[in-house]
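# Observations on the three-dimensional arrangement
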Amino acid sequence: MGGMGPGMGGMRPGMGGMGGPGMGGMGGMGPGMGGMRGLGGMSGMGGPPGAGMPALGGGGGGSSPGAPQSQLMQNLIMRDPKLAQNPALAQQMISKALQQQMEGKGGSSMPGRGPPGPALASLPSPTAPLTQSKACGAPPPVSTTDEGYSWKPEGGGGPDGEAPDDDGRGQVEAGGRAPDLESKPPPPADGEAGPGKIDKQEEVKVCDPQGNIVDLQPLQTFSECPWPAALQSEISKAGFSKPSQIQAYAWPIALKGNDVVGIAATGSGKTIAFLFPAFMHILNNRCGSRDPTLLVLAPTRELAVQIEKEAQRFGNSSRLQTVCAYGGAPKFQQLSQMRAGCHCLIATPGRLNDFLEGKQVRLDQVSKLVLDEADRMLDMGFEPQIRKILKEVPKKRHTLFFTATWPKEVRKLAEDFLYKPYQVQIGDRSELKANEDITQIAKIVQPNEKNQMLLQTLREYQIGQNPEHRCLVFCGTKRMCDQLERDFQRANFRIAAIHGDKDQRQRDEALNNFRDARVSILVATDVAARGLDIKGVVLVINYDPANNAEDYVHRIGRTGRAGQKGTAVTFLTADQGFKAAGIVEIMDKTKQHVSEDVRKLAASAPAGGKGKGKGRFREGGDGDRPGREGGPMDFGGGGGGSFG
């Protein structure tokens, strides 16, 4: 019988066993077992073909064109026993290899030695070792903190030179090989050809941990992605044609086990970008559900519930159990769900911190950590809770960090909790810029004319007449939300309101009715400004302007999503010059028409008061912590008037 010799990990490439000749001999098997950051092992050299099974990984006894699929299946399972638990994935790999063979893409099948054979030898192993370029190789150990990522491997191995545990870091997570990352010099000068320009002329910049530009080939289609068959089936059912920008560029890095900072606008497909790699890790490693493996932190309960729905949509067929924990709902129900089994825990920081303080939840099995809308969590004052939570999460983990903006406070948080992350930036996020698919309109109105102007705008865009047209109206205070809801209900509009004083049942009912078009107008405070992805929103009205330019961009970003067109209308009063200045600046960046009277109002703003940044008149009311809406000054204006 031929020899079997898997390679040894660490810095040295593994040596496969040499297959020996003989009656019924088995060809050599020798995939290398790579270290955390080390070089992958060399494939073994197959022996001469015998009367038994063909060699696997070698050329000599390589799977011949006439080999039956049952033999190929046996060989593949011998190569990776985990595939015995996932025959669908094994069959998919065999079919792909046979197709490549028929297309003439296979290698040589010279007896005894040489390149891999045309069928199974061309298949990448689902547990193939990480292969990186020099720029992405094993970094030296760095100092550790109580809060940061402390396990810093050197030379590809784990602590004391041992191979790392299977925690999803430093290995290809799937049945396919993630594209290699390669550092390159800074991008070419203006006018020269270079990477980064893709759909809608959005510039994509990928940097390695040292800040070098990485020439990364994005995944162009879902068929290139190495997801398990169950996930691929759900993608087909969803009708997705190709990965979004953040998915196409973040997945190759995440599948290598590298930490990722994703800087992209809301509505860019970030939820799927972080869910799928985690799902694959859970399925491939058959992680249990006693304690969560994936932890996702989100700023608001609305966003948390939305992530939960996406996780259930794509994970239920694989029996992945997801639990959502947020404030405003009974704790015992959420705890009961977790005790029944939880692979994925989606949580707001306040509620999860409550559970941890009561020692009701354990996070010591978390190996995949996601911080979604990290800038929003900091803006809402959740940094202390985040730091407390992450002290309970193992230092040895894989972290994905998503944010729409990249100020110094967010950078500091990323530095504290991520280990040498790669950065994927979609568009120029150094400056605040609105979606170009949104037509922005700013109008100056008298405070007592706001309701009449709102009614006129709703009729102009057929809100309430066309059942497919929905409108989101933002107000500066909870009281104004309730008042508009009452006034427009009396005018026979199908309208609902959400804000921090509404209980969870009321908020869920309003959102579900809005999603299902039973309600055509949703009035909200900034609690709904980020994260919500509701189809059919053709119009956003800022009844009261946002407190700063950043919130303005995220408010209007509720329309014009997924390539659709949208309109955003903002009402300004004569005393809101500094807010007008910030809005005009955003409109100018996307070449929007700005009326002369609005420009004059913006020009009247006092120096240093252009409404940039996070502002001090912050709105709370996310329901997960005490909050104050409106602040010490109410710029809401109006609220009066009639429909006359």
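Quick caveat, the model's predicted, so the values are computed rather than measured. (Residues numbered from 1 in each chain as written. Predicted model: local features only at pLDDT ≥ 70, side-chain atom pairs only at ≥ 80, totals over all residues. Heavy atoms only, no water.)

All right, on to the overall build of the chain then. Scanning the chain for helices and strands turns up 17 helices and 14 strands. Per-residue burial for the chain yields a buried fraction of 56% across its 644 residues. In the chain, of all internal contacts separated by at least 6 residues, the share reaching a separation of at least 24 is 73%. Surface exposure of the chain reaches about 27200 Å², of which carbon and sulfur atoms provide 50%. (Helix = DSSP H or I, 4+ residues; strand = E, 2+ residues; numbered from the N terminus. Buried < 20%, exposed > 50% of the residue type's maximum accessible area, 1.4 Å probe, protein only. Contact = heavy atoms within 4.5 Å. Areas by Shrake-Rupley, 256 points an atom, 1.4 Å probe, with all protein chains shown as cover.)

Turning our attention to the side chain of Gln385. On the secondary structure map, Gln385 appears in helix α10 (residues 383-390). Residue classification places Gln385 among the buried residues on the basis of a relative accessible area of 18%.

Now for the UniProt feature "short sequence motif: Q motif" (unreviewed entry) in the chain. When the UniProt feature table is mapped onto this chain numbering, "short sequence motif: Q motif" (unreviewed entry) sits at residues 220-248. Between the end C-alpha atoms of residues 220-248 there is a gap of 7 Å, over a span that is 48% helix and 0% strand. (UniProt positions renumbered as here; feature names shortened; annotations may be inferred.)

Enumeration according to the criterion identifies 11 aromatic pairs in this entry. Considering the side-chain rings of Trp251 and Phe276, the 6.0 Å spacing of their centres and the 0° angle between planes classify their relative orientation as stacked. Pair noted here: Trp251 is in helix α4 (residues 245-254) and Phe276 is in helix α5 (residues 270-284), with a separation of 25 residues, a long-range link. The pair Trp251 / Phe276 is uniform in exposure class, with both members buried. Relative to Phe402, the ring of Phe274 has its centre 5.8 Å away and its plane inclined at 45°; by these criteria the two rings are tilted. Here Phe402 lies in strand β7 (residues 398-403) and Phe274 lies in helix α5, a separation of 128 residues in the sequence. Residue classification places Phe274 among the buried positions, given a relative accessible area of 1%. One aromatic cluster is present, formed by Phe222, Trp227, Phe240, Trp251, Phe276, Phe279 and Phe314 through successive ring pairs. Lying across the ring of Tyr543, Lys450 places its NZ or CZ 5.0 Å from the centre. (Phe/Tyr/Trp six-rings, centres within 6.5 Å; stacked < 30°, edge-to-face > 60°. Lys NZ or Arg CZ within 6 Å of the ring centre and 35° of its normal.)

It is worth spelling out unusual backbone geometry at this point. Residue Lys359 is not a glycine yet carries a positive backbone phi of 55°. Topologically, Lys359 is positioned in the loop between α8 (349-357) and β6 (368-371). With a phi angle near 45°, Lys420 is a residue other than glycine that sits in the positive phi range. Tracing the backbone through its elements, the reader meets Lys420 in the loop between α11 (408-417) and β8 (422-426).

Grouped together as the largest cluster of nonpolar side chains are 51 residues, with contacts concentrated most on Trp227, Trp251, Phe276 and Phe279. For this core, the element with the most residues is α5, which contributes 9 residues. The next biggest cluster of nonpolar side chains, apart from the first, holds 36 residues, and it includes Phe474, Ile498, Leu511 and Ala605. (Core = buried A, V, L, I, M, F, W, Y, C linked by side-chain atoms within 4.5 Å.)

Moving on: the sheet that holds strand β9 (residues 438-444). As summarised here, the arrangement of the 6 strands in space is β9-β14-β13-β10-β12-β11, forming an open sheet in which the pairing is parallel. Each edge of the open sheet carries a strand with a single partner, namely β9 and β11 (495-498). Within this sheet the neighbouring strands show an average axis-to-axis angle of 20°, counted without direction. As judged from the 4 bridges shared by strand β10 (residues 470-474) and strand β12 (residues 521-524), these two strands associate in the parallel manner. In the strand pairing of β12, Val473 is matched with Val523. On top of the sheet, helix α13 (residues 478-490) reaches β10, β11 and β12; it is set at about 170° to β11, its chief contact. Contacting β9, β10, β13 (537-542) and β14 (566-572), helix α15 (residues 549-556) crosses the sheet at an angle of about 150° to β13. (Pairing = 2+ DSSP bridges. Axes fitted to C-alpha atoms, helices over the stretch in contact; angles between N-to-C directions.)

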